[in-house]
Amino acid sequence: ESLPACQACALHAMLAISRTDAWVAGGSLDGALLWHWDGSQWSTFPTPAATWLYDLAQGGDGTLWAAGIVQLQTATGEVVSRGALLQFDSREWIPHSLPPSSGALYAVVELEPGVIVVGGDNTLLYAAHTWSYIATEVAAYGWITDLEFTPDGRLFALTTSGLLFEFTAYSR
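Nothing here was measured: the structure is a model prediction, and the numbers come from that model. (Residues numbered from 1 in each chain as written. Predicted model: local features only at pLDDT ≥ 70, side-chain atom pairs only at ≥ 80, totals over all residues. Heavy atoms only, no water.)

Side note on the confidence of the model for the protein chain
Reading fine detail from the predicted coordinates is not recommended where pLDDT is low. On average, the protein chain scores 89 in pLDDT, and the residues at 70 or more come to 95%. Within the protein chain, strand S5 (residues 52-58) carries the highest mean pLDDT (96), whereas strand S15 (residues 164-171) carries the lowest (78). (pLDDT = per-residue confidence, 0-100. Helix = DSSP H or I, 4+ residues; strand = E, 2+ residues; numbered from the N terminus.)

Right, here's the structure in full:
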């Protein structure tokens, strides 16, 4: 079955969990988009605190994450972009707080329940209810566009310039 129609939309991520549980995310001129497939039809989910979504991920405990950007207008009229991270609580997508200078987020992966890495303009680790920046040398190679685990639990990142590197300090 086709996705619902949208005007000037772009889809960036898909997460297929089963034949009756799949998610698609992206954005449009109207804001972020999140659709869910239940095996018979697509449903639209509101996306608070996000303008565009670029990645979806599922953790080992079933937790679902969506990463992207939110664009905000300052008091002076300037439009600024910062990261947007949403967590699904089995009913709705809840915004997750981020450091103010997180930058846009294009990738998310859960290392273990409650411990995630997000990548984009910056790379951050969330553990013990605290965010910390992960120092990387990828800035010269563009931003992180994807984070993936190998079957043996090694974590790799892909940048916009095509650089593939391993996070040797983090694994499953």
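Brief notes about the nonpolar core
Among the nonpolar cores identified, the biggest contains 17 residues, and Trp23, Leu34, Leu53, Leu56, Leu86 and Trp93 are the most heavily contacted of them. Residue assignment for this core shows that the elements contributing at least two residues are strand S1 (10-18), strand S2 (21-28), strand S3 (31-37), S5, strand S6 (64-73) and strand S7 (79-88). If we skip the residues at most four places from it in the chain, Leu56 touches Ala13, Met14, Leu15, Trp23, Val24, Ala25, Leu34, Trp65, Ala66 and Trp93. (Core = buried A, V, L, I, M, F, W, Y, C linked by side-chain atoms within 4.5 Å. Buried < 20%, exposed > 50% of the residue type's maximum accessible area, 1.4 Å probe, protein only. Contact = heavy atoms within 4.5 Å.)

What to know about the pattern of salt bridges
The tally for this structure, following the rule as stated, stands at 2 salt bridges. The partner of Arg91 in a salt bridge is Asp89, with the nearest N and O atoms 3.4 Å apart. Among the ionic pairs, Arg154 bridges to Glu166, the shortest N-O distance being 3.1 Å. Of this pair, Arg154 sits in strand S14 (residues 154-159) while Glu166 sits in strand S15; the two residues are 12 residues apart in sequence, bridging distant segments of the chain. Residue class for Glu166 comes out partly exposed when judged on its relative accessible area of 30%. (Salt bridge = Lys/Arg side-chain N within 4 Å of Asp/Glu carboxyl O.)

What to know about the side chain of Thr63
Within the secondary structure layout, Thr63 lies in the loop between S5 and S6. Under the relative-accessibility criterion, Thr63 is labelled buried at 14%. Polar contacts involving the side chain of Thr63 include one to the side chain of Asp61, which spans 2.8 Å. Setting aside residues no more than four positions away along its own chain, Thr63 makes contact with Ala57, Gln58, Gln87 and Glu110. (Polar contact = N/O pair within 3.5 Å; in protein donor to acceptor, adjacent residues only side chain to side chain.)

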